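# Examining the three-dimensional arrangement
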Amino acid sequence: MEIDIVLKELQNQNKSVYKSVFDHFYKRLVIYANNFLFDQQASEDVVQEVFIFLWENAHSIEIKTSLKAYLYAMVRNRCLNYLKSVKITDDLNLIDLNSMLILDDDLDLISEEEKTILYNQILKLIETFPESMQQVFKLKFIENYKYDEIANEMGISVNTVKTQLKRAKIKISELLVVILVLFSMNS
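- By the naming in an unreviewed UniProt entry, the protein chain goes by RNA polymerase sigma-70 factor and is assigned to Flavobacterium salmonis.
- You can read under Sequence similarities (unreviewed entry) in the UniProt record for the protein chain the words "Belongs to the sigma-70 factor family. ECF subfamily."

As structure tokens, then:
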């Protein structure tokens, strides 16, 4: 169907055309949203909000490119807004973890908006770490403890501290590679 015909049918509240558009794009848009949010439920919610917006505002929507490009842009923008609304507190200490990562130079190539997404995803990843690794990581990068101070605080060896931080770095680096690849594909 041509975009003008589809848009005209959507403006006329044609449920079968709307359902056809929904069925055609929904799953792919959820996957796309999940590349930003790493949260299946939130991704589904964002895509559903886009389709609700499309249904309720079809009469005033002007699509200059294609319906597909329009929907993907709406999903991307809503994902970015969602990530901004999460408001994870950081006190700028965790964001300094750039200094521990190999990919520092690559981070200069992405926009501030993409850096925000990246850091939010890193924060989410850190929450999935085992409790002891989380504690070591936070003491090092949020509280600025030295290795021996962390070891004393937690009652573990300095080598255990280093091992936990090395494992955390590997997990974060793997996430960074995936996200940077996704950003490069969407540019």
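### Focus: the packing of helix H7 (residues 131-141) against helix H8 (residues 147-154)
- Packing of H7 against H8 brings their axes to within 10 Å, and their N-to-C directions diverge by 135°. When the axes of H7 and H8 are compared, the pair comes out oblique. The handedness of the crossing between H7 and H8 comes out as right-handed. Each of Ser-132, Gln-135, Val-136, Leu-139 and Lys-140 in H7 lies in contact with H8, whose residues at this interface are Tyr-147, Ile-150, Glu-153 and Met-154.

### Description of helix H3 (residues 40-57)
- For H3, which comprises 18 residues, the first-to-last C-alpha distance of 26 Å matches the rise-based estimate of 26 Å (1.5 Å per residue) to within 8%.
- Burial in H3 covers these residues: Ala-42, Ser-43, Val-46, Val-47, Val-50, Phe-51 and Leu-54.

### What to know about the packing of aromatic side chains
- Applying the stated criterion across every chain yields a total of 6 aromatic pairs.
- Residues Tyr-18 and Trp-55 carry aromatic rings whose centres are separated by 4.8 Å and whose planes lie at 65° to one another, so their mutual orientation is edge-to-face. Within this pair, whereas Tyr-18 is found in helix H2 (residues 15-37), its partner Trp-55 is found in helix H3, the two being separated by 37 residues in sequence.
- Under the relative-accessibility criterion, Tyr-18 is labelled buried at 16%.
- On the numbers, 4.9 Å between centres and 65° between planes, the contact of Phe-22 with Phe-51 is edge-to-face. Of this pair, Phe-22 sits in helix H2 while Phe-51 sits in helix H3, and the two are 29 residues apart along the sequence.
- Note on Phe-51: relative accessible area 1%, which makes it buried.
- Feature note: the residues Tyr-18, Phe-22, Tyr-26, Phe-51 and Trp-55 constitute an aromatic cluster, connected by ring pairs.
- Here the guanidinium or amino end of Lys-140 rests over the ring plane of Tyr-147, the centre of that ring lying 5.0 Å away.

### A look at unusual backbone geometry
- Look at Gln-13: it is not a glycine, yet its phi comes out positive at around 60°.
- The residue Gln-13 is located in the loop between helix H1 (3-11) and H2 in this model.

### Observations regarding the side chain of Gln-134
- When you line up the elements, Gln-134 lands in helix H7.
- Once residues within four sequence positions are removed from consideration, Gln-134 is found in contact with Ile-126, Glu-127, Thr-128 and Phe-129.

### Let's talk about the environment of Val-75
- Tracing the backbone shows Val-75 in helix H4 (residues 67-86).
- A sequence separation of 45 residues divides Val-75 from Val-30, and the C-alpha atoms of the two residues are 8.6 Å apart.
- Filtering out sequence-adjacent residues up to four positions away, Val-75 remains in contact with Leu-29, Tyr-32, Ala-33, Val-46, Val-47 and Val-50.

Conventions used here
- Once a new chain begins, its residue numbering starts again from 1 and follows that chain's sequence as written.
- Only residues with pLDDT of at least 70 are given local features in this predicted model, and only at 80 or more are side-chain atom pairs given and counted; all residues enter the totals for whole chains, interfaces and linings.
- To get the side-chain values, all heavy atoms of the structure are used, and hydrogens and water are removed first.
- UniProt positions are given in the numbering used here, feature names are shortened, and annotations may be inferred rather than shown by experiment.
- Every axis in this analysis is a line fitted to C-alpha atoms, fitted for helices over the stretch in contact. Angles between the N-to-C directions lie between 0 and 180 degrees.
- Helix and strand assignments come from DSSP, with helices taken as H or I runs of at least 4 residues and strands as E runs of at least 2, each series counted from the N terminus.
- Throughout this description, any angle smaller than 35 degrees is read as roughly parallel, any larger than 145 degrees as roughly antiparallel, any in the 65 to 115 degree range as roughly perpendicular, and the remainder as oblique.
- In a left-handed crossing the near helix is turned counterclockwise from the far helix by less than a right angle, and in a right-handed crossing that turn is clockwise.
- Throughout, a residue-residue contact means that at least one pair of heavy atoms, one from each residue, lies within 4.5 Å.
- Expected span of a helix, by definition, is 1.5 Å for each gap between consecutive residues, and there is one gap fewer than residues.
- Each residue is assigned to one of three classes by its accessible area relative to the maximum for its type, calculated with a 1.4 Å probe on protein chains only: buried under 20%, partly exposed between the two thresholds, exposed over 50%.
- The pairing test for Phe, Tyr and Trp rings, Trp by its six-membered ring, is centres within 6.5 Å, and the orientation test on the planes gives stacked under 30 degrees, edge-to-face over 60, and tilted for anything in between.
- In this scheme, Lys NZ or Arg CZ marks a charge over a ring once it lies within 6 Å of the ring centre and within 35 degrees of the ring normal.

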